[in-house]
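# Structural overview
Spelled out, the chains give:
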Amino acid sequence: MASYPGELSELCRRVVRRLSPARYRHTEGVLQAARTLAGRYGADVRRAEVAAIVHDLERERPAGELLRLAEGFGFPVHAVERDRPMLLHGPVAARTAPAELGVTDPEVLRAVAVHTTGAAPMSLLDQVIYLADYIEPGRDFPGVAELRRLAERDLRGACLAATEATLRYVLSRRELIHPRTVEARNWLLSGLGEPEGTRLAEPE
Ligand SMILES: [Fe+2]
Ligand SMILES: [Fe+2]
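The model shown is predicted, which means the values in this text are computed figures rather than measured ones.

## Digging into the packing of aromatic side chains
Think of a pair of aromatic rings as described by two things: how far the centres are apart, and how the planes are tilted against each other in angle. Evaluated as defined, the whole model comprises two aromatic pairs. Pairing tyrosine 134 with phenylalanine 141 gives two aromatic rings, centres 5.4 Å apart and planes at 90°, and the pair type is edge-to-face. Accessibility expressed as a relative area gives 28% for phenylalanine 141, which makes it partly exposed. Positioned above the aromatic ring of tryptophan 187, the side-chain terminus of arginine 156 is 4.1 Å from the ring centre.

## A short note on the coordination of the iron ion (ligand 1)
Distances from the iron ion (ligand 1) to its protein donors, Asp56 (OD), His89 (NE2) and His115 (NE2), fall within 2.1 Å. Ordering the donors of the iron ion (ligand 1) by residue number gives the pattern D-x32-H-x25-H. Separating the iron ion (ligand 1) from the iron ion (ligand 2) is a gap of 3.4 Å, bridged by aspartate 56, which donates to each. Taken together, the residues span a long stretch of sequence, with aspartate 56 in the loop between helix 3 (45–54) and helix 4 (63–72) and histidine 89 in helix 6 (residues 89–101) at a distance of 33 residues. Of the two residues examined, aspartate 56 and histidine 89, each falls in the buried class.

## Description of the coordination of the iron ion (ligand 2)
Protein ligation of the iron ion (ligand 2) involves His26 (NE2), His55 (NE2), Asp56 (OD) and Asp133 (OD), the donor distances falling in the range 2.2 Å. Around the iron ion (ligand 2), the four donor atoms are arranged such that angles at the metal cover 82 to 175°; this shape is classified as irregular. Each donor residue of the iron ion (ligand 2) lies on one chain, and together they are spaced H-x28-H-D-x76-D.

## Description of the packing of helix 9 (residues 144–151) against helix 10 (residues 155–172)
In contact at an axis separation of 8 Å, helix 9 and helix 10 are set at 155° when each is read in the N-to-C sense. Here helix 9 is positioned roughly antiparallel relative to helix 10, judged by the angle of their axes. Considering how the two elements wind past one another, helix 9 and helix 10 form a crossing that is left-handed. Judged by residue contacts, Leu147, Leu150 and Ala151 of helix 9 engage Gly157, Ala158, Ala161 and Ala162 from helix 10. Across the contact of helix 9 with helix 10, the residue classes tally to six nonpolar, one polar and no charged.

## Thoughts on the side chain of aspartate 105
By the secondary structure assignment, aspartate 105 is in the loop between helix 6 and helix 7 (106–114). For aspartate 105, the side chain forms a polar contact with the side chain of arginine 47, separated by 2.8 Å. Here the side chain of aspartate 105 touches glutamate 107 through a polar contact of 2.8 Å, landing on its backbone nitrogen.

Reading guide: rules and limits
- Every chain begins its residue count from 1, and numbering advances along the sequence as written.
- To label them, take the chains in the order written and letter them from A, then take the ligands in the order written and number them from 1.
- Since the coordinates come from a predicted model, pLDDT governs what is reported: local features require at least 70, and pairs of side-chain atoms require 80 or more to be given and counted, while whole-chain, interface and lining totals use all residues.
- To obtain the side-chain values, all non-hydrogen atoms of the structure were used and water was disregarded.
- Two aromatic rings, drawn from Phe, Tyr or Trp (for Trp, its six-membered ring), form a pair once their centres lie within 6.5 Å of each other, and the interplanar angle then sorts them: stacked below 30 degrees, edge-to-face above 60, tilted otherwise.
- Here's how the labels work: a residue is buried when its accessible area is under 20% of the maximum for its type, exposed when over 50%, partly exposed in between, all with a 1.4 Å probe on protein chains only.
- Only lysine NZ and arginine CZ atoms are considered, and such an atom sits over a ring when it is within 6 Å of the ring centre and within 35 degrees of the ring normal.
- Because water is not among the atoms used, a metal site may look incomplete, as its donors are only the N, O and S atoms within 2.8 Å, or 3.2 Å for Na, K and Ca.
- Think of it this way: any DSSP run of H or I at least four residues long counts as a helix, any run of E at least two long counts as a strand, and we number them from the N terminus.
- For four-coordinate sites, all angles between 85 and 135 degrees define a tetrahedron; for four- and six-coordinate sites, opposite donors beyond 155 degrees with the remaining angles between 65 and 115 define square planar and octahedral shapes respectively, and all other cases count as irregular.
- Every axis corresponds to a line fitted to the C-alpha atoms, with the helix fit spanning only the stretch in contact, and the corresponding angles, defined between N-to-C directions, vary from 0 to 180 degrees.
- Small angles under 35 degrees read as roughly parallel and large ones over 145 as roughly antiparallel, with 65 to 115 read as roughly perpendicular and the rest as oblique.
- The sense of a crossing depends on the near helix, which, turned anticlockwise from the far helix by less than a right angle, makes the crossing left-handed and, turned clockwise, makes it right-handed.
- The contact definition used throughout considers only heavy atoms, calling two residues in contact when any of these lie within 4.5 Å.
- The classification used treats Ala, Val, Leu, Ile, Met, Phe, Trp, Tyr, Cys and Pro as nonpolar, Asp, Glu, Lys and Arg as charged, and all other residues, Gly among them, as polar.
- Each polar contact in these results corresponds to two N or O atoms within 3.5 Å; when the atoms are within protein, one needs to be able to donate a hydrogen and the other to accept it, and residues that are neighboring in sequence are counted only if both atoms are side-chain atoms.

Encoded structure:
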């Protein structure tokens, strides 16, 4: 199935209308990082491009609307999501993108849905988008350079480090932790069900 039947530039034009300039710059950064990671680890580059462009489609929708949309789609809205409705922007975008953007590829929509919390398991594409969102060139936080270096050889290890950094951040703010993030962290750490190719061979 074609991940998106049209030109990527057309998809970008539709998404740019939904985002602030700063958010769209972030999306362009995620696109760049996702292309690099997909190429490096053998994920489908076109799917990674489409998922990167779409991933924050609903990021600027007000909390009340995200909750209402999620309920309308029949999601089981978790107590943590009621407290932090922003966490719903991935799952909601995965449901609005088909009608709004014509993106219907299930693998792409899954990567969009899980980019906020992570999930267990995570496909190669899920990991590419999750990590690209974290380390895109516009990100600047303590530890990002180390994470970018790790991302050059160990996709899964870098996703694990990103998930653990997220958990530390949420703990430091005494916010509720989404159980999917804990599940993602445990799955990434356990090494179970690892998709092919998330680690590159050490150079000789
Ligand atoms: Fe996001
Ligand atoms: Fe993002």
